Structure formats: C-alpha cells, structure tokens
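Notes for the structure review
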Amino acid sequence: MEVEFSVHSRVENEYEVNSLQKAHSGQKCGDVPTSFKLPASTRCMTIIPELRWKIFQLVHDAPADSMGNRTLLALALTCKSFSGPALDLLWQDLDNFSPLVKCLPQGLCKWTGYKFEFQRTMTFDDWSIFCKYNHRVRSLRTNRHPVADTEFWRNLSCPPFLPPLLPNLVSLMWKSDNTELFSYMWLFATPKLRRLDILTKTFDPSEHSVLSLISMLCPSISHFNFHSIMNSADTSTALQRWSHLTSVITREVSEAALLHLFKLPSLHVLEFHLPPTPMSANTKKLLQCSYALRIARTNRIMQQSGAHTCVSRGPLHRSKINILPYHRWSSIRP
C-alpha cells in the first residue's frame, strides 16, 4: 500500500510531460485522434463515466490480498480520463495519515522509526500538494500507536484554508490514549461526517468539550460508537445535538439524552449504560415498554425461524436495545 501512495504524486507530472511531448511532436490537424485508435471497450469507459466508475469500483473492492491498488494505480497512469476516478478510489480509505505525509516534499517531514516529525514549517506550496489529495479521502482510521504526536498535529492545525483537513470525510475512527491527541480530532470534523467511532482510555472535561464541539460541527452523524474504560464517560451532550442517528453504542447516557434518542424515528440500534441517578417514572415506563416489545418481537421471530438469537430491524421500539450493566436492569425490568 505504501508503494502505491508514494508514487501517486507523480501522476500529474507524467501528464504534463506527455502533454509537452504531444505539443512538440508535430502532429498534424488531419491526423486520426489517438482515442479513435483505442479498442471499443476502452472508448466506452472513456465516454461513459458511470460504466468507468463501476469497473473501477469492482477493482477497488477486490480482496485485500489481490492487486487491486496496483491496478488502480496503473489505471491512473493510463490516461487523464482514468486518472481522477482511479485516484479517488485509491485515496478513498486510509488506515492512517501517513500516505498524505509521504506525498509531501522530501525534507519536510522525517520518519524517526515510530512517528513523523516536521523538519521545517509548511509553505503554501506544501499545502498546495496536500490539497491535491486531501479532498479524495472519505474514510480515515487512526490507531492507538499514532504515526504523529501533538507537535505534528500542531503544525497542521493552521492551514491556509478553513478546516477540516479532509473536507469530504464521511467516516472517522479515532483511537487515542492521549488526551492531547484527542483535542486535535476537531481538525477532521466536517459537515459531511456520518460515522464516528471513538476509542479512548480517558474522557476528562477537555475531551468532553472536544466531543461537544464536534457534535456542532458534524450535524449529520448517523452512526456513533464510543468506547472508554471509564464507566462514567457521559456522551449525552453530543447525543442530544444529533437528530439523524440510526445506531448508537456508548457508555453512560443521561435521562434527557434517553428521551431524545427514543424520539428519533431513524434510530435502529441503541446500546448504553444506565445513569447512576434515579430516573423518573415516565422514563422507566418507556424503557419497560421498549424491553417488552423487543422481547415479544424477538420471541415471535425465533419461533418462526427456529433461530437461537435474533436482532430485529426497524424503528427503535422494535430494534436492538442493550442496556448495561445488566444487574441494574432488574430495577426497571417489568
């Protein structure tokens, strides 16, 4: 994967060289255009964008051990009409931020063996190169052993354009054991973001503030997964700002957030921890009704299918509802 990304930045340069060669080749106006010398199948992919995109997607979706990425890179180098779609798919999903760093000029960043370090300040030309690829990224995953530290993100936090760094990002998985690194997650907060997965050890007030900010910058979140070793990690403030949720897996949720979630017609899956404070009789009744409807529907489907387990789909009142810890569930269970 690293080999493919390391040469992407040469695609535009190759086109410029080819264009200059053609310009000075002395081709006459009456010569037959090269496109008409191509096979019919190739001309179809060039003329029909939908067909071309579908074929490229099939290449992209091939098993991970196949030559999919190398094939897309070869397609990107074939002709200009192939370059855009092929590069879009090559950059679509990133497992970390390093491919974008490797496309920047040599001497800007240094790999120390476990992380990148800036050797100088980014110039406008550096940012121009970055912007050739950042808009193509749709999904980004970080891990608990990041390739960048707080100093690295600090250098990227003042671009010559308004954040986010990846303007078309729709899915973000942020894994961090460091409170300072968590604070830079806002750099990827885009109005287009629909899926947000957060795995963190701590969730102190500063991290809570960052998540609250992200909830305002990303109003279109539909899938939210939050995991923390802290049972008291409360994401209620952010949850109450989202109105398009279809799936929520989180830790502790306040009574106000529960009432908000149960009103959402789009929500299908909900997993949460009961709040430590007592709940009102109306909220308890709402949970009891949801529990009873879920059990009744599950039992009916199990009887029809003979299955041992079942997760039903549909509006929240007949969907997957997990309430943890289970030993506290007996206090409100009918």
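Nothing here was measured: the structure is a model prediction, and the numbers come from that model.

Grouped together as the largest cluster of nonpolar side chains are 74 residues, with contacts concentrated most on F97, F152, W153, F188, L196, F224 and L245. Tallying contributions element by element places helix α6 (residues 80-91) first for this core, with six residues. Ignoring anything within four residues of it in the chain, the contact list for F152 reads F97, V101, C109, F116 and F118.

With that settled, consider the confidence of the model for the chain. The predicted model of the chain has a mean per-residue pLDDT of 75, with 70% of residues at 70 or higher. Of the regions scoring below 50 in pLDDT, residues 15-35 engages in nine contacts with residues more than four places distant in sequence or in other chains. Confidence drops under a pLDDT of 50 for residues 325-334, and excluding neighbours within four residues, the segment shows 17 contacts in the predicted structure.

This brings us to the pairing of strand β6 (residues 195-200). When you tally the buried positions in β6, you get five out of six residues, the bulk of the element. The pairing of strand β5 (residues 171-176) with β6 spans six bridges and is classified as parallel. Among the inter-strand pairings, M173 is bridged to a residue of β6, identified as D197. When β6 meets strand β7 (residues 223-228), the two strands line up parallel, connected through six bridges. Bridging from a neighbouring strand, L199 pairs with H227 of β7. Considered for its hand, the β-α-β crossover made up of β6, helix α11 (residues 205-217) and β7 is right-handed.

Right, let's talk about the packing of helix α4 (residues 49-60) against α6 for a bit. One way to put it is that α4 packs onto α6 with a least axis distance of 10 Å and a crossing angle of 40°. Judged on the interaxial angle alone, α6 and α4 are oblique. Note on packing geometry: the crossing formed by α4 with α6 is right-handed. Each of R52, W53, F56, Q57 and H60 in α4 lies in contact with α6, whose residues at this interface are S81, F82, P85, A86, D88 and L89.

Attention now goes to the pairing of strand β8 (residues 247-252). Across the six residues that make up β8, a large majority, six, are buried. As paired strands, β7 and β8 are joined by three bridges and run parallel to one another. Bridge pairing links H223 to S247 in β8. Here β8 pairs with strand β9 (residues 269-273) via four bridges, running parallel. By the bridge assignment for β9, S247 is matched with V269. In the classification by handedness, the crossover that spans β8, the intervening helix α13 (residues 255-262) and the parallel β9 is right-handed.

With that settled, consider the environment of N282. By secondary structure assignment, the location of N282 is in helix α14 (residues 281-305). Exposure remark for N282: the relative accessible area of 63% places this residue in the exposed category. Remark: the alpha-carbon pair of N282 and L259, spanning 23 residues in sequence, is separated by 9.7 Å.

Applying the stated criterion to the full structure yields one cavity of 30 Å³ or more. By volume, the largest cavity amounts to about 40 Å³. The residue inventory of the lining of the largest cavity, partitioned by class, reads eight nonpolar, no polar and no charged.

Calculation criteria
- In every chain, residue numbers begin from 1 and rise along the written sequence.
- Totals for whole chains, interfaces and linings use every residue, but because this is a predicted model, local features are given only for residues with pLDDT of at least 70 and side-chain atom pairs only at 80 or more, for both listing and counting.
- Water and hydrogen atoms play no part in the side-chain values, which are based on all heavy atoms of the structure.
- Here, the term nonpolar core denotes a set of buried Ala, Val, Leu, Ile, Met, Phe, Trp, Tyr and Cys residues that are joined through side-chain atoms within 4.5 Å.
- Each residue's exposure class comes from its accessible area (1.4 Å probe, protein chains only) as a fraction of the maximum for that residue type: buried when under 20%, exposed when over 50%, partly exposed otherwise.
- Every helix listed is a DSSP run of H or I at least four residues long, and every strand listed is a run of E at least two residues long, numbered separately from the N terminus.
- Residue contacts are counted whenever heavy atoms from the two residues lie within 4.5 Å of one another.
- What pLDDT reports is the predictor's confidence in each residue, on a scale of 0 through 100.
- We call two strands paired when DSSP finds no fewer than two bridges between them.
- Here, the term right-handed applies to a crossover whose path from the first strand over the helix to the second runs clockwise when the strands point away from the viewer.
- Axis definition: a line fitted to C-alpha atoms, over the contacting stretch in the case of helices. Angles run 0 to 180 degrees between N-to-C directions.
- An angle below 35 degrees is read as roughly parallel, one above 145 as roughly antiparallel, one from 65 to 115 as roughly perpendicular, and any other as oblique.
- If you view the pair so one helix is near and one far, a crossing is left-handed when the near helix is turned anticlockwise from the far one by less than a right angle, and right-handed when it is turned clockwise.
- Put simply, the grid is 1 Å and covers the protein atoms alone, a cavity is a trapped set of points that fit a 1.4 Å probe, a pocket is an open set with protein on both sides within 12 Å along at least five of seven lines, and lining residues have an atom within 4 Å of a point.
- Grid points are joined across faces, edges and corners, and a volume is the space filled by probe spheres set on the points.
- Three residue categories are used. Nonpolar comprises Ala, Val, Leu, Ile, Met, Phe, Trp, Tyr, Cys and Pro, charged comprises Asp, Glu, Lys and Arg, and polar comprises the others, including Gly.

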